[in-house]
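Spelled out from the first residue to the last, the chains are:
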Amino acid sequence: MKAVTLAHHEDVSGWRAAARALALGGVPADQVTWQVEGEGGDLFGDESLPDAQPDARLSVPKPFLSLASSVICHSDPERFALLYSMLLHLQDHRHALEDRADPLMKRLEVMRKAVGRDIHKMRAFVRFREVEAAEDVPERFVAWFEPEHHVVRTNAPFFQRRFASMAWSILTPELCAHWDGEALAFTEGATKADAPDGDPVEETWKTYYASIFNPARVKVKAMTAEMPKKYWKNMPETALVPELISSARAREIEMIERSRANLDMPEVPATMPAQPKSQPELAPPIDSWESLAAEAQRRHGDDRSNSGTQLVFGEGPRDAALMLIGEQPGDQEDRAGRPFVGPAGQLLDEALGEAGIDRSDTYLTNAVKRFKYEQRGKRRIHSKPNAGDIEHYRWWLEAERKLVDPAVTVALGATAARAMIGKVVTISKTRGEAIELADGSEGWVTVHPSYLLRLPDPVKAAEERARFIEELAMIRGRVEALAA
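Keep in mind that this is a model prediction, so the values were computed, not measured. Every residue gets a number counted from 1 within its own chain, in the order that chain's sequence is written. The predicted nature of this model means local features are confined to residues of pLDDT at least 70 and side-chain atom pairs, given and counted, to a pLDDT of 80 or more, with totals for whole chains, interfaces and linings taken over all residues. To obtain the side-chain values, all non-hydrogen atoms of the structure were included, while hydrogens and water were left out.

Participant: Talk me through the packing of aromatic side chains; I want residue IDs and the actual numbers.
Facilitator: Each aromatic pair joins two rings of Phe, Tyr and Trp (for Trp, the six-membered one) with centres within 6.5 Å, and gets the label stacked for planes under 30 degrees apart, edge-to-face for over 60, and tilted for any other angle. A full pass over the atoms with the stated rule returns 15 aromatic pairs. The interplanar angle of 80° and the centroid separation of 6.4 Å between the aromatic rings of Phe-128 and Phe-159 together place this pair among those described as edge-to-face. With Phe-128 in the loop between helix H4 (103-125) and strand E3 (129-131) and Phe-159 in helix H5 (residues 152-162), this residue pair connects regions lying 31 residues apart in the sequence. Both residues of the pair, Phe-128 and Phe-159, count as buried. Judged by centre distance (6.2 Å) and plane angle (65°), the ring pair of Phe-159 and Trp-168 falls under edge-to-face. When a residue's accessible area, from a 1.4 Å probe over protein chains only, is under 20% of the maximum for its type it is buried; when over 50% it is exposed; and in between it is partly exposed. Under the relative-accessibility criterion, Phe-159 is labelled buried at 2%. Members of the aromatic cluster, each reached through a chain of ring pairs, are Trp-15, Trp-34, Phe-64, Phe-80 and Tyr-84. Two conditions define a charge located above a ring, namely a distance within 6 Å from the ring centre to NZ of Lys or CZ of Arg, and an angle within 35 degrees of the ring normal. Above the face of the Tyr-373 ring, Arg-380 is positioned so that its terminal group lies 4.9 Å from the ring centre. For helices the rule is a DSSP run of H or I covering at least 4 residues; for strands it is a run of E covering at least 2, with both sets numbered from the N terminus onward.

In structure tokens:
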């Protein structure tokens, strides 16, 4: 029996090195025990790894490396063994990752999504508080968080980039992360008592929050769906919400009574009949492709406000590491019901091929899901989507990104960039640079292929085409680096 001891719970490189040696040595999954240093384990296991043959080769699909990097952060103690079993399975079944009916793959996918949610929650709900320091000691900020999985080491670089200019510590029960402005460090876990209870800025924020609180716009179900109550205790404003809701009617009556005294208005009854809802209930969470299709049909199946003859869904691997977002379907896409099949799509296929990207490994979709056009005789002329059109379908694009969970998302053109980032951006200012998106993944902005088709100057068109291919090749490199 072989025993592998990893340096820590998120030791991806250690697991990969050991798994590779074991697989090349022909060691079955049931003959390996996995443990984390300092947590005991198999006292009698052989910790020596088999020597690989000089000509031995181990090949796995790139998406598996991304899957392993996420699943290793899960709290399930069997995660290392499950991943090793999948690694061995892939040697005989190259496309096993695409078999969503496979029990092992389904379990790993559930674990991957759980880790992704935990990473997102940590980034969304960590609240730093300033701690008192001596006169000569720089100010420091401390936060308390209770993750469900082992995501502190993986998530720490996000906070390092986001709060690079301030010294901070994130305390959790298992592991603490510290940034001093120069280097990240990790120490053993702490208790909530080690974190500060509040600071003067927090009291100011609570006063401001209470003053702008509007109970008419509160949707408790929506709040708890995105922010479970277990996180509320660490956020200053959430402690105010129950009291603000319960006292809302009393404050409303008091305000009206003060006005009535001056205007001789009739008294207002203490209870008022329920008002009709001005907004529809939020849609159920989109947690599968089936629920996405059903919700898209419910919302837009009979909606012709954006023209077109049919909805055009995205297409490609549902675990693609790269996602491309276009503007909207064109005339040919509308007729075929597929994205990027017209002239712009053909140019895109050529550029992807020259950049070393396989379209069949890429998920392609559009910001707007119907062809918006003007009828001129027998021709349907493309009409540019406006802000309302983009917002109309933005929930759909966000659901696609959440389900695919790409390492890199590329916006082709200004419409796609606005849908991806959530605000208007200038292509010339954002082109060619990585952008950190709200979910922590990487985004890029470049031109839409149709822009290249519209350039009248052949020399300029050739230059822009070459630049477009160069950018795609650079993006391919980023995808490979993030998946490594």
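Past the structure itself, the notes keep going.
Participant: For the pattern of salt bridges, give the residues involved together with the corresponding values.
Facilitator: Oppositely charged side chains can pair when the atoms bearing their charge come close. Salt bridges are identified by distance alone: a Lys or Arg side-chain nitrogen within 4 Å of an Asp or Glu carboxyl oxygen. Taken as a whole, this structure holds 29 salt bridges when the rule is applied. Arg-465 is the salt-bridge partner of Glu-350, the closest N and O atoms lying 3.3 Å from each other. Taken as a pair, Glu-350 in helix H12 (residues 343-354) and Arg-465 in helix H17 (residues 458-483) lie far apart in primary sequence, 115 residues in all. Given the relative accessible area of 45%, Glu-350 is considered partly exposed. Salt-bridge contacts for Glu-464 lead to Lys-460; the nearest nitrogen and oxygen are separated by 3.4 Å. Here Lys-460 and Glu-464 lie together in helix H17, a separation of 4 residues that amounts to about one turn. For Glu-464, a relative accessible area of 8% puts it in the buried group. Classification of Lys-460 by relative accessible area gives partly exposed; the value is 34%. Overlapping salt bridges, with partners in common, bring together Arg-431, Lys-460, Glu-464, Arg-467 and Glu-471 in one network.

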